[in-house]
Amino acid sequence: MSNYVIFTDSGCDIKPELLKAWGVPFKSLNFRFNDSEKEYSNEDMNSSEFYAKMREGAIAKTSAVNVETFVSAFEEILKNGNDILYIGFSSGLSTTYNSARLAAQQLAEKYPERKIITVDTLAASAGQGLILKLTLDKKNEGATLEEAAAFAEDIKFKISIWFTVDDLVYLKRGGRVSPTAAFFGNMLGIKPVLRMDDEGHLIPYSKVRGRKTSISALADKYGELATNLDSGDIFISHGDCITDAQYLADLLKTRYNANVTLITDVGTVIGAHSGPGTLALFFVGKER
């Protein structure tokens, strides 16, 4: 059985130090503010500073990982005699996955004895991160490259991905709500609940009034869809609102005796479009 490396990108919202502990190399999507030409990666600016700038009115724009960056990173792994399983950010939200796929095609000609398998998770933030972690568990249990890839392709449609945001102005900027809906929604305390569909797009699901009600709605979806209510990995990500993330974790514990495995930051990829106050829940469900 050949050795293989699981590779990802920063769309997974797993912190670099944890990815390093897991033995998972990655490449970062970059971002810049307003019309500035200066680009940053997630490692260049912590999430608190990033969201502080957004609260001050800065508009962040993200850019995908390009083909050349993946070629360079993948080639180093192939040269060391390892195959690659790439677990990538949703093609419904970024061209990053397609760049990795094209890089794999290019390198297949140069390294015919090696294998690169790419998996489009059709997921975002720690939903991608959860798919990554579960696939890594399979690898550590002895799964081959092909077995791990098949597992990832299967489990990705069972990862439930639910979001809410605190301020509609950021969704308005991205064209997901109209200016009128954002104005009156904020005035009336309307909070949207969103989900990730099977095509990897973030879509509206419902609207509720009040922040606590929107957080409770996320917990409701866990109770409705989770495969095992009191066991299994649960990830939460947040846009500089750790108190709300902990409130959601406590709700899950109180209602279902469920223990959250990981609380992490919503990174710049999603945060640039959803803004500070974004809160997201990820778990293995009966369906997405």
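For the structure, see preceding data.
In this text, all values refer to a predicted model and were calculated from it rather than measured experimentally.

Cut-offs applied
Residues numbered from 1 in each chain as written. Predicted model: local features only at pLDDT ≥ 70, side-chain atom pairs only at ≥ 80, totals over all residues. Heavy atoms only, no water. Pairing = 2+ DSSP bridges. Helix = DSSP H or I, 4+ residues; strand = E, 2+ residues; numbered from the N terminus. Axes fitted to C-alpha atoms, helices over the stretch in contact; angles between N-to-C directions. Contact = heavy atoms within 4.5 Å. Salt bridge = Lys/Arg side-chain N within 4 Å of Asp/Glu carboxyl O. Buried < 20%, exposed > 50% of the residue type's maximum accessible area, 1.4 Å probe, protein only.

Strand order in the open sheet made by the six strands is β9-β8-β7-β12-β10-β11, with mixed pairing throughout. Each edge of the open sheet is held by one strand with a lone partner, namely β9 (202–209) and β11 (262–265). Taking each pair of neighbouring strands and ignoring which way they run, the sheet shows an average axis angle of 20°. In this structure, strand β8 (residues 190–196) lies alongside β9, joined through seven bridges in antiparallel fashion. What sits directly across from V193, in β9, is S206. Its contacts with the sheet place helix α9 (residues 211–225) against β7 (159–164), β8, β9, β10 (234–238) and β12 (279–284), and it is angled at close to 5° to β12.

Going through the model one piece at a time under the given rule, you end up with 16 salt bridges. A salt bridge links D83 to R114; the nearest nitrogen and oxygen atoms lie 2.7 Å apart. Of this pair, D83 sits in strand β5 (residues 83–88) while R114 sits in the loop between α4 (96–110) and β6 (116–120), and the two are 31 residues apart along the sequence. The buried category is assigned to D83, whose relative accessible area is 2%. Each of D166, K191, R211 and D244 takes part in salt bridges that share partners, so that together they form one network.

Now for the sheet that holds β5. Taken in spatial order, the four strands of this open sheet run β2-β1-β5-β6, and their pairing is parallel. Strands with a single pairing partner mark the edges of an open sheet, and in this sheet they are β2 (26–27) and β6. Judged from the two bridges that link them, strand β1 (residues 4–9) and β2 form a sheet pairing that is parallel. When the sheet's bridge partners are listed, D9 is paired in β2 with K27.

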